[in-house]
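Chains, contacts and geometry: an overview
One-letter residues, chain by chain:
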Amino acid sequence: MEEQMEKLSAIAQAKPYKIIISKPAGGEIPYRRIVIERKESYYQAAAYTEKQVFHENIPPERLAEYLGKTVAGQYLQVNAWDDAAEHMYLCSKKGKVTYKTKKNAQTTAKASGSHNRKKQYILKEGTPIAPLVDMGVFTPEGKVVRTMYDKFRQINRFLEMVEDAVGDDTAETLRIIDFGCGKSYLTFVLYYYFTEIQKRNVQIAGLDLKADVIKNCNAAAKKYGYENLHFEVGDINGYRTDAPVDMVVTLHACDTATDYALYNAIMWNARMILSVPCCQHELNGQIQSEELGLITRYGIIKERFAALATDAIRANLLECCGYKTQVLEFVDFAHTPKNLLIRAVKKGGSDAARAIVPASVRKRYLGEVERMMDEFHLDPTLYRLLKEAGRLG
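To start, this report covers the structure provided alongside it. (Residues numbered from 1 in each chain as written. Predicted model: local features only at pLDDT ≥ 70, side-chain atom pairs only at ≥ 80, totals over all residues. Heavy atoms only, no water.)

1. Observations regarding the side chain of Asn-156
- Relative to the helices and strands, Asn-156 resides in helix H5 (residues 149-166).
- The class of Asn-156 is buried, set by a relative accessible area of 0%. (Helix = DSSP H or I, 4+ residues; strand = E, 2+ residues; numbered from the N terminus. Buried < 20%, exposed > 50% of the residue type's maximum accessible area, 1.4 Å probe, protein only.)

Pasting the structure below:
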């Protein structure tokens, strides 16, 4: 153990710009890999499970302590890159450590370019993007307004998640519905991304209950020349469309509006779903437990548990319906507690998609939902809708 700590400390002292921790030593370790990247004044660790990613900020002076606590006895491989070399830490299951560095021109070039320049975002500074100018994120010259960098990063984070969801999809035209679009900032950006960056045909419909908001959005789409982007007044519950839907986006749809959006997406066999839930009151008003009263006794704990339980149930139900589902951190918790995004993807037709998740796994996920419902006396809207539609059989 002492040798492991010594080598991990050497990695930290090299001030690497990137570290990848991999190869868990046992089956009970929660994270399959951890990626650490150097920011301006701290390191950020992204710990990946099969479905989620958790972030933690690490002061530079605590990097060695973090590596020792996280790696020693738990992971067998660490790769780290500084400006001049790659550091490789390998540990056998018996605890024997192999440590070496490898210098090469490619690594050096990558390192010097990687942390000395700004992150390469999908949306580039220097290119005026009309919706971002109107939002106050960009200046008319295409520069990010100094006070809007958090919003700029959030928008790019969303586009990265969209890009991952689309993957190698080659549909000639993508048909997208944005439920609860509001002022549609991200809807306009999404249209720009597909048409101007991806050079793809796209048809996007935004839906909201406020007529004045929809009127302004349609006027803006006309102003920008976004011919295949339109907005309608309508309720998520009961919305109908005759055209096939490839992607459903729902950002901050309040409470059960998210459930109706997910239900519609499932019934349409939409291949991609991106949802940021908001204001999850339904289960908070229902939840009670004889055996686990400590969770419901304190208001703030009850509220947060109910919100997390809501999203866990939604994710499991999406899996039951043939979607490969992830729950991801959308923005840093410091900026908003409503920071989770549910991303669900299915490929091919309905039968092919359901085959992605084996029947035994779907049954287990549904069982987990129903056990939670029984324990806390819950009646989630999405479960009820899917049960009535025969989609959980």
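Read on, since the account is not over.
2. Remarks on helix H14 (residues 381-388)
- Among the residues of H14, Thr-381, Leu-382, Tyr-383, Leu-385 and Leu-386 are the ones counted as buried.
- For H14, the secondary structure elements touched by its buried residues are helix H8 (257-267), helix H9 (282-286), helix H11 (299-320) and helix H13 (359-376).
- Of the residues flanking the end of H14, it is Gly-390, one or two places downstream, whose phi is positive at about 75 degrees. (Contact = heavy atoms within 4.5 Å.)

3. Re the environment of Ser-92
- Here Ser-92 shows up in the loop between strand S6 (86-91) and strand S7 (97-102).
- Classification of Ser-92 by relative accessible area gives partly exposed; the value is 32%.
- Measuring from C-alpha to C-alpha, the distance between Ser-92 and Leu-283 comes to 47 Å, with 191 residues separating the pair along the chain.

4. What to know about the environment of Glu-3
- In this fold, Glu-3 is placed in helix H1 (residues 2-13).
- Residues Glu-3 and Val-97 lie 94 residues apart in sequence; the distance between their C-alpha atoms is 7.1 Å.

5. Side note on the sheet that holds strand S2 (residues 33-38)
- The antiparallel open sheet is built from seven strands, whose spatial order is S4-S3-S2-S1-S5-S6-S7. Strand pairing shows two members of the sheet lacking a second neighbour, strand S4 (53-58) and S7, which therefore form its edges. Strand-to-strand, the axes of this sheet are offset by a mean angle of 15 degrees, without reference to chain direction.
- Of the strand pairs in this sheet, strand S1 (residues 18-24) and S2 are connected by four bridges, and their pairing is antiparallel. Residue pairing across strands places Lys-18 opposite Glu-37, the latter belonging to S2. (Pairing = 2+ DSSP bridges. Axes fitted to C-alpha atoms, helices over the stretch in contact; angles between N-to-C directions.)

6. Here's the deal with the sheet that holds strand S11 (residues 247-254)
- One open sheet accounts for seven strands, arranged S10-S9-S8-S11-S12-S14-S13; its pairing is mixed. Edge positions in the sheet fall to strand S10 (229-233) and strand S13 (324-329), since each of these pairs with one other strand and no more. With strand direction ignored, the average angle separating the axes of adjacent strands in the sheet is 15 degrees.
- With five bridges connecting them, strand S9 (residues 201-208) and S10 associate as parallel partners. Considered in S10, the bridge of Ala-205 is made with His-230.
- Helix-sheet contacts for helix H7 (residues 211-224) involve S9 and S10, and the interaxial angle to S10 is about 170 degrees.
- Each of strand S12 (272-278), S13 and strand S14 (340-345) touches H11; the most contacted strand, S14, lies at about 5 degrees to it.

7. Remarks on the nonpolar core
- Membership of the largest hydrophobic core comes to 51 residues, with the highest contact counts inside it found for Phe-158 and Phe-194.
- If we skip the residues at most four places from it in the chain, Phe-158 touches Leu-186, Leu-190, Val-249, Leu-251, Phe-330 and Leu-341.
- Grouped together as the second largest cluster of nonpolar side chains are 43 residues, Leu-207, Ala-270, Ala-315 and Cys-320 included. (Core = buried A, V, L, I, M, F, W, Y, C linked by side-chain atoms within 4.5 Å.)

8. With respect to unusual backbone geometry
- Positive phi is not limited to glycine here, since Lys-15 has a value of about 55 degrees.
- Judged by its relative accessible area of 61%, Lys-15 is exposed.
- Positioned with a positive phi, Asp-255 is a non-glycine residue whose angle comes to about 50 degrees.
- Here Asp-255 shows up in the loop between S11 and H8.

9. Re the pattern of salt bridges
- In this structure the tally under the stated criterion is 13 salt bridges.
- One salt bridge connects Glu-160 with Arg-157, and the closest N-O pair in it is separated by 4.0 Å. Taken together, the positions of Glu-160 and Arg-157, both in helix H5 and three residues apart, correspond to about one turn of that helix.
- In this structure Arg-157 comes out as partly exposed when scored by relative accessible area, which is 25%.
- When the shortest N-O distance is used, the salt bridge between Arg-384 and Asp-379 registers 3.4 Å.
- Overall, the relative accessible area of 28% leaves Arg-384 in the partly exposed class.
- For Asp-379, a relative accessible area of 38% puts it in the partly exposed group.
- A single salt-bridge network, built from bridges that share partners, covers Asp-169, Arg-200, Asp-246 and Arg-271. (Salt bridge = Lys/Arg side-chain N within 4 Å of Asp/Glu carboxyl O.)

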